[in-house]
Amino acid sequence: MRVVVDLTKCEGYAQCAFLAPEAFRMVGDEALMFDPAPPDELQEKVLRAAAACPVQALQVDMADLPTPPPTATVSADGDDRLRHEGRIVIVGASLAGLKAAEQLRAEGFTGKLTMIGDEPEEPYDRPPLSKQVQTGWAASADTTLPRRRDIAADWKLGVAATGLDLEHNFVTLADGQHVGFDRLLIATGVRARPWFVPEEAGLDGVFTIRTRADATGLRERLMAEPRRVLVIGSGFTGSEMASVCVELGIPVTVAEAGPAGRGAGRGDRPDRGGHHARARRRPAGQHEGRLAAG
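Not measured: the values here are computed from a predicted model. (Residues numbered from 1 in each chain as written. Predicted model: local features only at pLDDT ≥ 70, side-chain atom pairs only at ≥ 80, totals over all residues. Heavy atoms only, no water.)

## Considerations on helix α4 (residues 95-106)
Taking 1.5 Å per residue, 12 residues should reach 16 Å; α4 reaches 16 Å between its end C-alpha atoms and fits that length. For α4, the full list of buried residues reads G97, L98, A101, E102, R105 and A106. Taken together, the buried residues of α4 touch β5 (87-91) and β6 (112-117). Phi turns positive, to about 100°, at G108, one or two residues after α4. (Helix = DSSP H or I, 4+ residues; strand = E, 2+ residues; numbered from the N terminus. Expected span 1.5 Å × (residues − 1). Buried < 20%, exposed > 50% of the residue type's maximum accessible area, 1.4 Å probe, protein only. Contact = heavy atoms within 4.5 Å.)

Next comes the structure, spelled out in structure tokens:
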């Protein structure tokens, strides 16, 4: 069983923590932590918690349940041929790409669907990498995204898309493959910004956090109890990492280029969970200790 919480929807009502406390818990007033891979014996509780969420922010893996029939739609003959015989390629095998693929199948697309991603793993949830994984509540390998249905895709993982030929309708991959398409969706998302001096970015103790491998490496170093952590960037990820450091008892400094933390919106606040307010803040340019770039 897989669980994911849409943190852009979560309002901190804590119904899930009340109904399934083994899988969900609140940290402070609003910060929700959850187990992305709860044991199967909690399935009934987790499903009840998902159903009770007032804003429907919880999604549970439904791929092993009977596939619901596709949504009936009216289309022209050309669209109908594409729906049943077409080739759709999605570049970006993460949350957006997976959701698009599921929606295509839900709306009756039965043609060939190809998913291309530069990471070797199937789509996984990234928010837990900077919280649950770092506190040890979940392993990075347990963050695979839940499925609403089987998307019956041809997965091309661990190889980046490097070129696009719109005249002949194919995507070029890093290994030289050409993948033809009738329709193309680019859902590649963003990358973590590395430290701007490559030689310094490669120093021991300098991290970015974007992938499972990043999260695993950072977790290992935090468990080694560094003397101080410097987090550059006070957005969602940076604030979460500052909170983790305080929770683990590690002194932490947050550096931000702006006059105040960027995590000022709901669900992305510097004081979220009651921990960030105890992290030291400095303007960017005042550095100390090892770097953990958020």
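## Some words on the sheet that holds strand β10 (residues 178-180)
One open sheet holds the 3 strands; their spatial order is β8-β9-β10, and the pairing between them is antiparallel. With partners counted over all chains shown, the strands left at the sheet margins are β8 (161-165) and β10, one partner each. Put simply, the sheet's adjacent strands are angled 25° from each other on average, direction ignored. As paired strands, strand β9 (residues 170-173) and β10 are joined by 3 bridges and run antiparallel to one another. Opposite T172, over in β10, you have H178 as the bridge partner. (Pairing = 2+ DSSP bridges. Axes fitted to C-alpha atoms, helices over the stretch in contact; angles between N-to-C directions.)

## Remarks on the pattern of salt bridges
Inspection of the entire model under this criterion finds 8 salt bridges. The salt bridge partner of R87 is D182, with a shortest N-O separation of 3.3 Å. With R87 in strand β5 and D182 in the loop between β10 and β11 (183-186), this residue pair connects regions lying 95 residues apart in the sequence. Looking at D182, the relative accessible area reads 30%, which means it is partly exposed. Where R126 meets E119, a salt bridge forms, and the shortest distance between an N and an O atom there is 2.8 Å. Each member of the pair, R126 together with E119, is buried. (Salt bridge = Lys/Arg side-chain N within 4 Å of Asp/Glu carboxyl O.)

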